[in-house]
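Per-entry structural report
The lines below spell out each chain.
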Amino acid sequence: MSANCIISSHSPPCLFVLCVALLYTCIHSFTHLTRTTLIERGGESADSISRDRIGFDSGGDAQPDAVPSVQGTLPHFIQEPEDAYIVKSNPIKLRCRAVPALQIFFKCNGEWVHQNEHFSHEYKDLNTGLKVREVMINVSRQQVEDFHGPEDYWCLCVAWSHLGTSKSRKATVRIAYLRKNFEQDPQGKEVPINGMIVLHCRPPEGVPAAEVEWLKNEELVSSLTDDNIDTRADHNLIINEARLSDSGNYTCLASNVVAKRRSATATVIVFVNGGWSLWTEWSACNAPCGRGVQKRSRTCTNPAPLNGGAFCEGMSVQKITCNAPCPIDGGWNEWSQWTVCSSQCERQRTRECNSPVPRHRGKMCEGNSEATENCTDGLCTQTRKLRPPSRHLLHSNDVALYSGLGAGIITVAILVVAVMLYRKNHSEYGVDVIDSSALTGGFQSFNFKNTRQGNPLLLNSSMQPDLTVGRTYSTPLCFQDSTDKELFDPLPDIKVKVQSSFMVSLGVAERAEFHAKAPAETFPRDLSRDYCSTMDRRKKGLLTLNGPFSSCKEPLRTTGVFGHHGGRLVVPNTGVSLLVPHGSVAENMSWEMYMVINQGEASVQTLDSCEILLGPEVTYGPPGLDLFCPVAMTIAHCAEVDAENWNIQLKRRTQDSKWEEVMSVEEESTSCYCLMDSTSCHLLLDQPGSYALVGEPLTQAAIKRLKLAVFGTMEVGSMSYTLRVYCVDDTPHAFQGVVAAEKTRGGQLLEEPKMLPFRANTFSLQVSIQDVPQFLWSIKPFTTCQEFSFPQVWCSNQQPLHCAFSLERYSPATAQLSCKISVRQVKGHEQILQVYTAVAEVRLCSYCTITSQTGPKAFKIPLSIRQRICATFDTANAKGKDWQLLAQKLHLDRNLGYFAKQRSPSAVILSLWEARHQDTSDLDSLASALEEIGKIHSKIAYV
């Protein structure tokens, strides 16, 4: 029919049929378009989805009509799918949860995901009582790679209830990766202190974009803990003001979910350009008379150049000419006229020292300013009245006068000839006599003819006198203890040594006792009777726990106020310091602390007669000091440390002024810690008080170090020149006493001080002068070789000993002096001091005057590094990276029990390291130790 209508379309019936067909087609098209629109908006019906898209059976249970409807609300998503990244070949999971929901299906890239790929789960929410439906699907790497759309692979969820449908957000799925090479690596820099540091870093390309972190020396750098650092600006690292602690190796670390990448390491060096210190005061004119030179100097230490910084430009020394006024000696004017003869039969006359007046250190006139004589030629009565002379009396007096004068002249001539012959015959011999005690009293040489009673000469009976040479005996001859205090003050038991066989020729041997005692083989425990008795006699006059004898008996004292940041106390030029660690003082508190070196007359002696003082006695306080961690005290000592030869102990003064043993340095203790270095002793102390380091020699091989120095002075306007040789315990404190004393004398240091090992073999110390130019200089007789007894040297206890050589030049034109000073121990070591100097030259010694430092500048280790080390090592772990390993690598692994009882063992170890390395300028040893620990940790982790 339709065909017929189409064929004959012009007939009315056919037109009607055609119109009806067209109307039906339009209605069907409109219905189909409406359904399609609803499906795109999520409004498709459950039966159409199951039939046309998902593949449900028409009679299946999953038909939406078979599920009870939940009325009253549209589906609400509790969980929507999130963006995800596929790492390597691992699939990702996308989840959705909605309530109330009849069905939930995923739609990816515009296509519905098949029902078999969904994993559904339904449960009841206990809070709301509603049923919650959860659906999950897996997306594989292959699915993402096979998708070639204009945008990233995406998925969303569609959930519907009885009232309608809801859509979730789109979740993108991408394949994650991270390229290997950085687009820009950071570059090393050298920047001045307080300059800005900018390190650029552009990480490798990656999905997702890489996050950037910075490492300094393999430690994470964060702007959260340091306001001076900014890491937020486009992956760059910015340090606003460079500090010395900012020097190091920096690395840019980029990472995402796939991998981590490290950039090349950039080395940053923060350098300090040197700056000049202030000029010193102008020195004294180096010429005692006439034209000379004055100097002043400065040092490149304000600050000192560090890490390759530029040295100071300009001159470090300036010189100007000077004119020193020459001394003018005083001269007498003419005598005045005689006064009238007085009733006492005397007359007077005077003169004055004003022709010229002495000026510029010139000498006063020699002689008397007044003269008195008898004005009557002896013609006074017994009542002092003048009587007339008789002729007979005058004649007899003249004969007696002339006879006496003649006899006197003849006697004097005979004596002069005898003395000249005597000196000519014996000029090659010399007797060496010294007073080797008083540092401030000077050298007192004297002739044997004036030797007092009570000083008998002890001559070794095994030695025969040799009248041909004036050298030293292998076993010395010496006077025993003197009872005459007047001659030998200030030391009470000085011994005078004689080294020449010429003594026998003077007849002194008639008064000598022959004494021969072979030195003992074991010492001193098996020889304590002889050795210690000698020490007892010596100590009764000398052995007190004090410092060197100086012109000032006041103790050396330094003070400082310390808070939570700690600091350091230093007694300048003594080798004594006190380190107050950071955190030892409570916050918002401060203590005024002091440190004193006692060098007055002490009230106590050491407990054992065989012990000697190895360093100064040091006191720190105040007594009520309360700290959270121990302080570190450093005391210089003079012993060659050897446990086989020495028994060294730390002692402390009690309240009743007695000394008690705190610990032996070779034993372990939990009350304090003692670390013996070659020249210093480092102590960790909890209790303030007075401390001293004492030693007892165990064998004759025990050695005490002596410092030898020679000073010279030229008496103004005189032809004589004095050399003083000092033998003092080798500690800065003891030598400072020598310098202070010589400063008051105007002494010049003629040679760099040298060290002499002095053995505990009971043999004496000999000092001799050699190679004196005989045609330019003469030396006083009996002073070419001098000697200190063994007890004097061994028990000097920081008190200097010295002897003097007095020389006289033949001509004022002699301006140079050259000679050798030999200092040797009998059957021991020898040291030579070479003297070559201009007799008017002045050498000045410069010393450190810093007494206290507070805060971070007092420490070598920056506070941030110190805290990081403590946090790392204070807690032990299975890999062994704890404070015991730190102590081992810093060579502080003895007496670990002391560290174990501390609240922060690592902090105490670092304080001891600070005290031990206070004179060094870098952190190399600490950095090396930490590097070794890091290698050990890496090996353990690898295993």
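Note that the structure is a prediction, hence the values are computed from the model and not measured. (Residues numbered from 1 in each chain as written. Predicted model: local features only at pLDDT ≥ 70, side-chain atom pairs only at ≥ 80, totals over all residues. Heavy atoms only, no water.)

Description of the overall build of the protein
Within the protein, the secondary structure is distributed over 15 helices and 52 strands. By residue count, 43% of the 943 residues in the protein fall in the buried class. In the protein, the share of contacts with a sequence separation of at least 24, taken over all contacts with a separation of at least 6, comes to 70%. When the accessible surface of the protein is totalled, it reaches about 50400 Å², and 52% of it is carbon and sulfur. (Helix = DSSP H or I, 4+ residues; strand = E, 2+ residues; numbered from the N terminus. Buried < 20%, exposed > 50% of the residue type's maximum accessible area, 1.4 Å probe, protein only. Contact = heavy atoms within 4.5 Å. Areas by Shrake-Rupley, 256 points an atom, 1.4 Å probe, with all protein chains shown as cover.)

A closer look at a nonpolar patch on the surface
On the surface, a nonpolar cluster with roughly 210 Å² of combined accessible area is contributed by Ile-193, Leu-244 and Leu-306. Checked against the element boundaries, Leu-306 lands in the loop between strand 22 (290–297) and strand 23 (317–324). Relative accessible area serves as the criterion here: at 35%, Leu-306 is assigned to the partly exposed category. (Patch = residues over 30% accessible without salt bridge, like charges linked within 9 Å, V, L, I, M, F, W, Y side chains within 5 Å. Salt bridge = Lys/Arg side-chain N within 4 Å of Asp/Glu carboxyl O.)

Some thoughts on the sheet that holds strand 48 (residues 785–788)
One open sheet accounts for four strands, arranged 48-46-50-51; its pairing is antiparallel. The open sheet has two edge strands, strand 48 and strand 51 (830–838), and neither has a second partner. Each neighbouring strand pair of the sheet contributes to a mean axis angle of 20 degrees, computed without reference to strand direction. Of the strand pairs in this sheet, strand 46 (residues 765–770) and strand 50 (residues 816–825) are connected by six bridges, and their pairing is antiparallel. Bridge pairing in strand 50 links Ser-768 to Ser-822. (Pairing = 2+ DSSP bridges. Axes fitted to C-alpha atoms, helices over the stretch in contact; angles between N-to-C directions.)

Remarks on the state of the cysteines
Overall, the coordinates contain eight disulfides when judged by the stated rule. Between the sulfur of Cys-201 and that of Cys-252 lies a disulfide, 2.0 Å long from S to S. Linking Cys-201 and Cys-252, the disulfide has an S-S dihedral of approximately -75 degrees and is accordingly described as left-handed. Note that Cys-201 is positioned in the loop between strand 13 (197–199) and strand 14 (206–207) and Cys-252 in strand 19 (residues 248–255), a separation of 51 residues in sequence. (Disulfide = S-S within 2.5 Å.)

Remarks on the confidence of the model for the protein
Of the residues in the protein, 71% have a pLDDT of 70 or more, and the chain-wide mean is 75. The low-confidence segment residues 389–394 (pLDDT under 50) makes three contacts with residues lying over four places distant or belonging to another chain. Low confidence marks residues 426–530, where pLDDT is under 50. Its contacts with residues over four positions away, or in another chain, come to 218 contacts. (pLDDT = per-residue confidence, 0-100.)

Digging into unusual backbone geometry
The bulk of non-glycine residues show a negative phi, and the bulk of peptide bonds are trans. In this structure, the amide linkage connecting Val-99 to the following residue, Pro-100, adopts the cis form with an omega of -15 degrees. For the bond from Gly-621 to Pro-622, the omega torsion is 20 degrees, close enough to zero to count as cis. With respect to the helices and strands, Pro-622 occurs in the loop between strand 35 (617–621) and strand 36 (631–636). Of note, the phi angle at Asp-771 is positive, near 55 degrees, even though the residue is not glycine.

A word on the sheet that holds strand 1 (residues 76–79)
Across the sheet, which stays open at both edges, the four strands sit in the order 1-3-7-6 with antiparallel pairing between neighbours. In the strand order of this sheet, the two ends are held by strand 1 and strand 6 (119–124), each with one partner. This sheet shows a mean twist of 25 degrees between the axes of neighbouring strands, independent of strand direction. Judged from the six bridges that link them, strand 6 and strand 7 (residues 131–139) form a sheet pairing that is antiparallel. By the bridge assignment, Phe-119 is partnered in strand 7 with Met-136.

A few points about the environment of Gln-700
On the secondary structure map, Gln-700 appears in the loop between strand 41 (689–697) and strand 42 (703–714). For the pair Gln-700 and Trp-646, spaced 54 residues apart in sequence, the C-alpha separation works out to 9.9 Å.

Re the environment of Cys-681
Mapped onto the fold, Cys-681 is located in strand 40 (residues 680–685). As for Cys-681 and Ile-635, which are separated by 46 residues in sequence, their C-alpha atoms are 5.2 Å apart. The residues contacting Cys-681, other than those within four sequence positions of it, are Met-633, Thr-634, Ile-635, His-637, Cys-674, Leu-675, Met-676 and Leu-693.

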